[in-house]
Amino acid sequence: MDKEGNGDRMENALIALVFMIIFTFVVYAGSWLQGTTFTRKFSKWYFIVMLSATVVVTIVTFVLSIGE
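What this report covers is the structure whose coordinates are included nearby. Bear in mind the structure is a predicted one, so any value in this text is a computation, not a measurement.

Examining the overall build of the protein chain
Turning to step 1, where the next piece is worked out: Scanning the protein chain from terminus to terminus reveals two helices and zero strands.
Turning to step 2, where the next piece is worked out: The proportion of buried residues among the 68 residues of the protein chain is 18%.
Turning to step 3, where the next piece is worked out: When the accessible surface of the protein chain is totalled, it reaches about 5,400 Å², and 72% of it is carbon and sulfur.

Here it is, written out as structure tokens:
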């Protein structure tokens, strides 16, 4: 493996990470702006689930980038 290939995988994983973080906040803020009332418990679980999804998407993107 050369350094360039390793950097490409990290770049793809970073793009996926940033996208998921932005997506998480945009969906939450959009719902909040529409007047939806969120309980503290819902907010906590929403961010836990989305954090888990972000980690999974980042890892899968990194692993799948190995084949490129």
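Quick notes on a nonpolar patch on the surface
Turning to step 1, where the next piece is worked out: Side chains of Leu51, Val55, Ile59, Val63 and Ile66 sit close together on the surface and give an oily, nonpolar patch of about 440 Å² of accessible area.
Turning to step 2, where the next piece is worked out: For isoleucine 66, the position within the fold is in the segment after helix H2 (40–64).
Turning to step 3, where the next piece is worked out: Using a relative accessible area of 40% as the deciding quantity, one classes isoleucine 66 as partly exposed.

Observations concerning the environment of methionine 20
Turning to step 1, where the next piece is worked out: Among the secondary structure elements, methionine 20 is positioned in helix H1 (residues 3–33).
Turning to step 2, where the next piece is worked out: A relative accessible area of 10% places methionine 20 in the buried class.
Turning to step 3, where the next piece is worked out: Aside from chain neighbours lying at most four places away, what touches methionine 20 is Met50, Ala53, Thr54 and Val57.

Details of the packing of aromatic side chains
Turning to step 1, where the next piece is worked out: Taken as a whole and assessed by the stated rule, the structure comprises eight aromatic pairs.
Turning to step 2, where the next piece is worked out: Residues tyrosine 28 and phenylalanine 47 carry aromatic rings whose centres are separated by 5.0 Å and whose planes lie at 50° to one another, so their mutual orientation is tilted. Of this pair, tyrosine 28 sits in helix H1 while phenylalanine 47 sits in helix H2, and the two are 19 residues apart along the sequence.
Turning to step 3, where the next piece is worked out: Relative to phenylalanine 42, the ring of phenylalanine 38 lies with its centre 5.1 Å away and its plane at 10°, an arrangement referred to as stacked.

Overview of the environment of phenylalanine 25
Turning to step 1, where the next piece is worked out: With respect to the element layout, phenylalanine 25 can be found in helix H1.
Turning to step 2, where the next piece is worked out: On the basis of relative accessible area, phenylalanine 25 is assigned to the partly exposed category, the value being 49%.
Turning to step 3, where the next piece is worked out: Along the chain, phenylalanine 25 and phenylalanine 47 lie 22 residues apart, while their C-alpha atoms are 9.1 Å from each other.

Side note on the side chain of serine 65
Turning to step 1, where the next piece is worked out: Inspection of the secondary structure puts serine 65 in the segment after H2.
Turning to step 2, where the next piece is worked out: At a separation of 3.1 Å, a polar atom in the side chain of serine 65 contacts the side chain of asparagine 12.
Turning to step 3, where the next piece is worked out: Dropping the residues within four chain positions of it, serine 65 is found in contact with Arg9 and Asn12.

The rules we used
- Numbering of residues starts from 1 in every chain and runs along the sequence as written.
- In keeping with the predicted nature of the model, local features appear solely for residues at pLDDT of at least 70, side-chain atom pairs appear and are counted solely at 80 or more, and the whole-chain, interface and lining totals rest on all residues.
- Hydrogens and water are ignored here; the side-chain numbers use all heavy atoms of the structure.
- Counting from the N terminus, the helices are the DSSP runs of H or I reaching at least four residues and the strands are the DSSP runs of E reaching at least two.
- Only protein chains enter the calculation, and the probe is 1.4 Å; a residue is then buried if its accessible area is under 20% of its type maximum, exposed if over 50%, and partly exposed in between.
- Each accessible area value is a Shrake-Rupley result obtained with a 1.4 Å probe; residue values ignore everything except the protein chains displayed when judging cover.
- Patch members must show over 30% relative accessible area and no salt bridge, and they are joined within 9 Å when carrying like charges or within 5 Å when they are nonpolar side chains of Val, Leu, Ile, Met, Phe, Trp or Tyr.
- When a carboxyl oxygen of Asp or Glu is within 4 Å of a side-chain nitrogen of Lys or Arg, the pair counts as a salt bridge.
- Residues count as neighbours in contact if any of their non-hydrogen atoms are within 4.5 Å of one another.
- Only the six-membered ring of Trp is used, alongside the rings of Phe and Tyr, when aromatic pairs are assigned; centres must lie within 6.5 Å, and planes under 30 degrees apart are stacked while those over 60 apart are edge-to-face, with the rest tilted.
- For the purposes of these results, a polar contact is taken to be a pair of N or O atoms within 3.5 Å, where, inside protein, one atom must be able to donate a hydrogen and its partner to accept one; residues adjacent in sequence count only when each atom of the pair is a side-chain atom.

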